[in-house]
Amino acid sequence: FKVGEIIASIGVHPGFDIGLNDTKHAHYFANPDRYPIEYRSYIPFTDYLPTDLRDEIWVINPRTVEPRGGKIDYDVAGTLSGNWFLEGTTSLEQWSRQLIFARHELYADQVYISDASPLSDGDGKLNQGKTPLLWFIFGNEPLPENVTPASGKVKYSVAAWWKFRASVPPSPEGTLMVELIQDNKLKYEWFPGKTLDEVVEFTSSARMYER
């Protein structure tokens, strides 16, 4: 091939994924049985590039926080940090039943909360026009890795993550309240339009998640 030569097209998708698996490397997940081997062994393709080529990619890579190639394993046992699944979830294809407390893939200095409950499970076509609830936290505290069962009820004031990148600071869109009932059991509720002071107790709409 020559520089600038088109070698393939990707249709209507706005990008493409490059994935590598190294089965000698296993990411940590609090409940590894939920994940097939490919999830547990994903690695950044940049790990296998020669230094000079990797440096070229870093020039155009918008992620500035280490590891520059990204990170998927944010589970910290006994804390809020990482992946959670609605009680009774049996498959990773059940997107709507997943909840994540991690770091944004580009702005990794920011805690990123993803509540996938608005999505439909199964065929991706069912999710056209639907998006998960994706938030950044005002003040970025408390960090999920510092939230334990001893923390009791914890409240987060949040707004859509992309609004934090705008020139005008966003206003809060609501409050999340979470409580680690046990190391691997989480109570969660979203209170749209409510301030921190207005949220005191869970309601019957609270959902229980587990690792």
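Residues numbered from 1 in each chain as written. Predicted model: local features only at pLDDT ≥ 70, side-chain atom pairs only at ≥ 80, totals over all residues. Heavy atoms only, no water.

### Topic: the overall build of the chain
Link 1 in the chain: Regarding its fold elements, the chain presents two helices and 10 strands.
Link 2 in the chain: When the helices and strands of the chain are placed in sequence order, the string is β-α-β-α-β-β-β-β-β-β-β-β.
Link 3 in the chain: C-alpha atoms of the chain, sized along the principal axes, occupy 65 × 45 × 35 Å.
Link 4 in the chain: Residue pairs at least 24 apart in sequence account for 48% of intrachain contacts in the chain once pairs closer than 6 positions are excluded.
Link 5 in the chain: By element, 55% of the accessible surface of the chain is carried by carbon and sulfur atoms, the whole surface being about 12600 Å². (Helix = DSSP H or I, 4+ residues; strand = E, 2+ residues; numbered from the N terminus. Contact = heavy atoms within 4.5 Å. Areas by Shrake-Rupley, 256 points an atom, 1.4 Å probe, with all protein chains shown as cover.)

### Here we look at the environment of serine 157
Link 1 in the chain: Topologically, serine 157 is positioned in strand E7 (residues 154–160).
Link 2 in the chain: Under the relative-accessibility criterion, serine 157 is labelled buried at 14%.
Link 3 in the chain: Taking the C-alpha atoms as reference points, serine 157 and methionine 177, 20 residues apart in sequence, are found 9.1 Å from one another.
Link 4 in the chain: The residues touching serine 157, leaving out its near neighbours within four places in the chain, are Phe136, Ile137, Phe138, Pro172, Gly174 and Leu196. (Buried < 20%, exposed > 50% of the residue type's maximum accessible area, 1.4 Å probe, protein only.)

### So, the packing of aromatic side chains
Given two aromatic rings, their pairing is described by the distance between the two centres and the angle made by the two planes.
Link 1 in the chain: Summed over the entire model, instances satisfying the criterion amount to 12 aromatic pairs.
Link 2 in the chain: Pairing tyrosine 112 with phenylalanine 136 gives two aromatic rings, centres 6.0 Å apart and planes at 75°, and the pair type is edge-to-face. Here the residue tyrosine 112 occupies a position in strand E5 (residues 111–115), and phenylalanine 136 occupies one in strand E6 (residues 133–137), the gap between them amounting to 24 residues.
Link 3 in the chain: Classification of phenylalanine 136 as buried rests on a relative accessible area of 0%.
Link 4 in the chain: An aromatic cluster is built from Tyr107, Tyr112, Phe136, Phe138, Trp161 and Phe164, whose rings are joined through pairwise contacts. (Phe/Tyr/Trp six-rings, centres within 6.5 Å; stacked < 30°, edge-to-face > 60°.)

### Considering the side chain of histidine 104
Link 1 in the chain: Checked against the element boundaries, histidine 104 lands in the loop between strand E4 (98–103) and E5.
Link 2 in the chain: The class of histidine 104 is buried, set by a relative accessible area of 1%.
Link 3 in the chain: Reaching out from histidine 104, the side chain makes a polar contact with the backbone nitrogen of tyrosine 107 at a distance of 3.1 Å.
Link 4 in the chain: Look past the residues within four positions of histidine 104 in its chain and what remains in contact with it is Arg63, Gln110, Tyr112, Phe136 and Trp161. (Polar contact = N/O pair within 3.5 Å; in protein donor to acceptor, adjacent residues only side chain to side chain.)

### Comments concerning the nonpolar core
Link 1 in the chain: Counting 20 residues, the largest nonpolar core has Phe101, Tyr156 and Leu186 as the members making the most contacts within it.
Link 2 in the chain: For this core, the secondary-structure elements that each account for two or more residues are strand E3 (82–86), E4, E5, E6, E7, strand E8 (174–182) and strand E9 (185–192).
Link 3 in the chain: Leucine 186 has contacts with Leu80, Trp84, Leu99, Phe101, Val178, Glu179, Leu180, Arg207, Met208 and Tyr209, leaving out every residue within four places of it along the chain. (Core = buried A, V, L, I, M, F, W, Y, C linked by side-chain atoms within 4.5 Å.)

### Structural notes on unusual backbone geometry
Link 1 in the chain: Following glutamate 66, the chain continues into proline 67 via a peptide bond in cis, with omega recorded as -5°.
Link 2 in the chain: Looking at the element boundaries, proline 67 is found in the loop between helix H2 (51–60) and E3.
Link 3 in the chain: Phi is positive for asparagine 140, close to 60°, though the residue is something other than glycine.
Link 4 in the chain: Looking at the element boundaries, asparagine 140 is found in the loop between E6 and E7.
Link 5 in the chain: Among the residues examined, asparagine 140 registers a relative accessible area of 15% and is labelled buried.

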